[in-house]
Amino acid sequence: MDIKARADEIGELIRRQITDFKWSIDIAEVGTVVHAGDGIAAVYGLEKAMAGELLEFPHDVTGMVFNLEENNVGAVLFGGYEKIGEGDTVKRTGRIASVPVGEGLIGRVVNALGQPVDGRGPIDVAKYNPVERIAPGIVVRQPVRQPLQTGIKAIDSMTAIGRGQRELIIGDRQTGKTAIVVDTIINQRNSDVICIYVAVGQKQSSVARVVQDLVAHGAMDYVIVVLASAAESAPMQYLAPYAGCAMGEYFRDKGQHALIIYDDLSKHAVAYRQLSLLLRRPPGREAYPGDIFYLHSRLLERAAALNGDHGAGTLTALPIVETQAGDISAYIPTNIISITDGQIFLESNLFYAGVRPAINPGISVSRVGGAAQTPAMKQVAGMLRLDLAQYRELEAFAQFGTELDATTRAQLNRGAHLVEILKQPLYQPLPIEKQTIIIHAATFGFLDDVPLNEVAKLEQELYSYLEIQHPNLLAELAQTGQLSDELMAAIDNAIRTFLETIWHKGTDR
């Protein structure tokens with residue numbers, strides 16, 4: 001009897017186990033690493049892998065499908081690629097490469113995968129955007145009309161930038177390219193523009209200095225820094241601009257305004273060349289692969305001004321390219337010049353001569369033109385570029401020691417004062433109303449009698465005088481952006497009064 005009872009219990013126990021049993025099948029497509037090194041890996045056995053798909057490697061290393069070949073898949077590796085070796089098992093994830101986006105990233109420094117690298121803990125984000133997206137088509141865009149003020153007189157007056165535009169900043173190393181974009185970021189303090197600064201192949205100390213300057217000016221409250229430094233692998237440097245663009249597109253698609261800076265795309269092209277050669281893609285001119293143009297065109301085309309039906313958001317791009325000995329006809333510079341809506345060329349000779357920012361107005365151009373300028377600035381700066389061009393020509397002619405007539409001397413004097421007015425200290429962007437007034441004063445000859453070495457001092461004292469004595473003029477100009485006859489007459493009277501009663505009566509002059 002005891003044996004029978006025990007058999008019943010065992011039978012009941014088996015029935016209960018069968019009833020509660022839940023089974024599942026975990027199916028994963030896996031492959032094997034054939035060879036790996038220098039940030040890339042060839043994987044055999046992933047026949048259904050998609051271009052841009054994320055792959056799981058051992059040791060928590062992530063990869064991305066880069067090449068789809070007949071016998072294997074070429075992948076680029078993010079993270080500790082030196083741990084990956086021949087024979088390792090690789091899993092497909094079925095997910096396209098994406099990065100976290102949203103307000104939680106603002107004020108943070110992240111890497112190309114969106115992971116924080118500033119030591120301030122994890123980032124709370126709920127949304128991810130793919131790093132590669134098709135650029136908005138012409139139907140959803142609108143023309144660039146809204147100005148994006150840089151706070152730099154030489155740019156806002158002659159090569160104005162609009163929201164949704166792509167304006168290239170190009171020049172030799174150490175000519176002030178990064179300083180221009182930092183000024184532009186600082187100038188967005190009182191605007192509704194979110195800024196993304198993407199550092200590709202830069203020294204970590206240089207990026208730390210930029211972040212420190214942004215913190216000092218209270219700009220990190222609206223800035224995201226994406227860092228892929230020179231110490232990081234080529235795959236991370238390749239991915240960083242696309243990751244930053246995905247973060248900017250989040251704000252654009254919400255109807256907000258974003259500004260993204262790529263510093264710089266020449267190093268990005270070098271990283272892409274390295275990956276392509278390692279993966280045995282056929283090299284072309286200067287060993288760059290044949291799709292090097294498409295590398296940057298598909299990135300920069302994502303900057304756009306969307307129309308009202310799609311939220312009217314904008315994403316403005318300021319790519320930076322470094323030239324060698326001022327050669328803008330090199331391969332990568334000409335590629336990016338043909339993609340962008342204009343360029344700001346920084347010249348070494350001007351920089352060393354003390355003209356800072358060292359912008360060459362002859363080569364610099366904005367293809368959006370006056371559409372991105374306030375009517376007042378367009379009015380006062382209309383002849384500025386021509387006057388400067390004539391000054392440069394006369395200056396070269398005057399070096400031969402030829403005796404000059406009075407008209408030519410007056411032109412040279414006016415041009416020298418215009419050059420002096422366009423100089424600007426580092427990290428001191430100016431509001432558009434002050435820029436308009438000082439350029440108006442210089443182009444209309446109010447400063448012709450002022451010694452060149454005192455122009456900068458006069459400019460600061462004029463601003464102080466207007467803020468104290470005529471704040472209504474600055475406020476009206478800032479609010480309307482228009483320079484009516486009455487307002488111009490009032491500004492002229494204020495400038496004359498300042499010159500006669502304050503400037504010329506100074507004890508040190």
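See above for the structure.
Cut-offs and rules
- Residues numbered from 1 in each chain as written.
- Predicted model: local features only at pLDDT ≥ 70, side-chain atom pairs only at ≥ 80, totals over all residues.
- Heavy atoms only, no water.
- Helix = DSSP H or I, 4+ residues; strand = E, 2+ residues; numbered from the N terminus.
- Contact = heavy atoms within 4.5 Å.
- Lys, Arg positive; Asp, Glu negative; His and termini not counted.
- Charge placed at Lys NZ, Arg CZ, Asp CG, Glu CD.
- Disulfide = S-S within 2.5 Å.
- Buried < 20%, exposed > 50% of the residue type's maximum accessible area, 1.4 Å probe, protein only.
- Patch = residues over 30% accessible without salt bridge, like charges linked within 9 Å, V, L, I, M, F, W, Y side chains within 5 Å.
- Areas by Shrake-Rupley, 256 points an atom, 1.4 Å probe, with all protein chains shown as cover.
- Salt bridge = Lys/Arg side-chain N within 4 Å of Asp/Glu carboxyl O.
- Pairing = 2+ DSSP bridges.
- Axes fitted to C-alpha atoms, helices over the stretch in contact; angles between N-to-C directions.

## Details of the overall build of the protein
Then, number 1: Each helix and strand counted, the protein has 16 helices and 16 strands in total.
Then, number 2: Its C-alpha atoms give the protein principal-axis dimensions of about 125 × 50 × 45 Å.
Then, number 3: When contacts within the protein are restricted to residue pairs at least 6 apart in sequence, long-range pairs at least 24 apart make up 74% of them.
Then, number 4: In the protein, which carries 46 positive and 60 negative side-chain charges, the distance between the mean positions of the two groups comes to 3 Å.

## Some points on unusual backbone geometry
Then, number 1: With omega at 0°, the peptide bond leading from Asp 263 into Asp 264 counts as cis.
Then, number 2: Within the secondary structure, Asp 264 sits in the loop between strand 13 (257-263) and helix 6 (265-278).
Then, number 3: Here the amide bond leading from Arg 356 into Pro 357 is cis, since omega sits at 5°, within 30 degrees of zero.
Then, number 4: Note on placement: Pro 357 falls in the loop between helix 9 (348-352) and strand 16 (365-366).
Then, number 5: Phi is positive for Ala 325, close to 55°, though the residue is something other than glycine.

## As for the state of the cysteines
Then, number 1: The final tally for this structure, using the stated rule, is zero disulfides.
Then, number 2: In this structure Cys 195 is not part of a disulfide, and its nearest cysteine sulfur, from Cys 245, lies 15 Å away.
Then, number 3: Relative accessible area serves as the criterion here: at 1%, Cys 245 is assigned to the buried category.

## Description of a nonpolar patch on the surface
Then, number 1: Taken together, the side chains of Ile 10, Ile 14 and Ile 18 make up a nonpolar region of the molecular surface, amounting to roughly 300 Å² of accessible area.
Then, number 2: Looking at the element boundaries, Ile 10 is found in helix 1 (residues 2-20).
Then, number 3: Taking the relative accessible area as the measure of exposure, Ile 10 reaches 45% and is therefore partly exposed.

## Looking at the sheet that holds strand 6 (residues 89-96)
Then, number 1: Pairing in this closed barrel of six strands is antiparallel, and the strands run 1-2-5-4-3-6 around the ring. On average, each strand axis in the sheet is inclined to that of its neighbour by 45°, with strand direction left out of account.
Then, number 2: Taken together, the four bridges between strand 2 (residues 40-44) and strand 5 (residues 73-78) define a ladder with antiparallel strand orientation. When the sheet's bridge partners are listed, Ile 40 is paired in strand 5 with Val 76.
Then, number 3: Sheet strands touched by helix 5 (residues 234-253): strand 4 (61-68) and strand 5. Its angle to strand 5, the strand with the most contacts, is close to 85°.

## Observations concerning the pairing of strand 3 (residues 53-57)
Then, number 1: Burial within strand 3 is extensive, with four of its five residues counted as buried.
Then, number 2: Pairing geometry for strand 3 and strand 6, over three bridges, is antiparallel. From the neighbouring strand, Leu 55 faces strand 6, where its bridge partner is Arg 92.
Then, number 3: The sheet contact formed by strand 3 and strand 4 spans four bridges and is antiparallel. Opposite Leu 55, over in strand 4, you have Gly 63 as the bridge partner.
Then, number 4: Following strand 3, the chain reverses through three residues before pairing antiparallel with strand 4; His 59 in that reversal takes a positive phi of roughly 65°.

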